[in-house]
Amino acid sequence: MKIFVFFGPAGSGKGTQAQYLKSDHGFHHLSTGDMLRSEVNSNSDLGNKVKSVIDSGNLVTDEIILDIIAKNISTLTSGNDHAGIVFDGFPRTIAQANGFDAILSSMNLSVDQAFLFDLSLEASLDRIAGRRIDSRNNDVYHINSNPAPESVVPFLIHRDDDQPEKVTHRYELYKQQTQPLVEFYSDRLITVDCELTISQIHAQFDQQIRSFEHKF
Ligand code: AMP
């Protein structure tokens, strides 16, 4: 069972490539952002606690995030039916990365590969302005580069935290809190240049995956 982590600014394409690992390589896709949003939508205690944090573009505490991961990981690793798990948007701080290592080592696992999805603030703002999400299953579309089919349009949402000033704030937090992971994972890091088109990003990612597929 391989453990991959994806980090990078909003709009860099992490979710899209994680979906690809799921559909074509048998990975389980775990997005902490999706999990938190489903807690918010279900009005759970946790959801009510984190709603304003997410809407403002701030980070949920390391303690809450590590608790969610610890609660879910044993279910995911117990059945041996996945090639691996891709953690999309986690870890986002050094404290989360250290906490994750502790959780994994108690299960005789470790992070096998980290992927940095590298994107400038300008490109992040541009991508997120046109991003729309299918509220039923979190599928991601873009009004110009990847328009949703007619039947999906009524279900599309533009996330509250995808407003430009919040995207800028999220990018600043990314630089301060998440970018230090480049150093943390420097011995097993692959950088994906995400300034390119979606299909070029995918081609680049796919080539990286295939180059070490024999290890899966
Ligand atoms: P995302 O869908 O990955 O863009 O995440 C949306 C929001 O959920 C973030 O802006 C944070 O408020 C929260 N969130 C998701 N993952 C994490 C994490 N690993 N650590 C802290 N907050 C997170």
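For the structure, check the block above.
Residues numbered from 1 in each chain as written. Predicted model: local features only at pLDDT ≥ 70, side-chain atom pairs only at ≥ 80, totals over all residues. Heavy atoms only, no water.

Caption draft 1: Up close: the overall build of the protein chain. Within the protein chain, the regular secondary structure consists of 9 helices and 8 strands. Its C-alpha atoms give the protein chain principal-axis dimensions of roughly 45 × 40 × 35 Å. Residues counted as buried form 43% of the 216 residues belonging to the protein chain. When contacts within the protein chain are restricted to residue pairs at least 6 apart in sequence, those whose partners lie at least 24 apart make up 74%. Summed over all atoms, the accessible surface of the protein chain reaches about 10,600 Å², with 49% contributed by carbon and sulfur. (Helix = DSSP H or I, 4+ residues; strand = E, 2+ residues; numbered from the N terminus. Buried < 20%, exposed > 50% of the residue type's maximum accessible area, 1.4 Å probe, protein only. Contact = heavy atoms within 4.5 Å. Areas by Shrake-Rupley, 256 points an atom, 1.4 Å probe, with all protein chains shown as cover.)

Caption draft 2: Just unusual backbone geometry, in detail. At the junction of Phe-90 and Pro-91, the peptide bond is cis and its omega measures out at -5° in the coordinates. Tracing the sequence through the fold places Pro-91 in the loop between β3 (84–88) and α5 (94–105). Although it is not a glycine, Asn-108 sits at a positive phi angle of roughly 60°. With respect to the helices and strands, the residue Asn-108 is situated in the loop between α5 and β4 (113–118). Residue Asn-108 is classed as exposed on the basis of its relative accessible area of 74%.

Caption draft 3: Representation of the sheet that holds strand β6 (residues 140–142) within the structure. What the 3 strands build is an open sheet, ordered β6-β5-β7; its pairing is antiparallel. The open sheet has two edge strands, β6 and β7 (156–157), and neither has a second partner. (Pairing = 2+ DSSP bridges.)

Caption draft 4: Seen up close, the packing of helix α2 (residues 32–41) against helix α3 (residues 45–55). Running from N to C, α2 and α3 cross one another at 115°; their axes reach a closest spacing of 8 Å. Considering how the two elements wind past one another, α2 and α3 form a crossing that is left-handed. Note on element contacts: α3 touches α2 through Leu-46, Gly-47, Val-50, Lys-51 and Ile-54, opposite Leu-36, Glu-39 and Val-40. Residues belonging to the contact of α2 with α3 are distributed by class as follows: 5 nonpolar, 1 polar and 2 charged. (Axes fitted to C-alpha atoms, helices over the stretch in contact; angles between N-to-C directions. Left-handed = near helix turned anticlockwise from the far one by under 90°. Nonpolar A, V, L, I, M, F, W, Y, C, P; charged D, E, K, R; others polar.)

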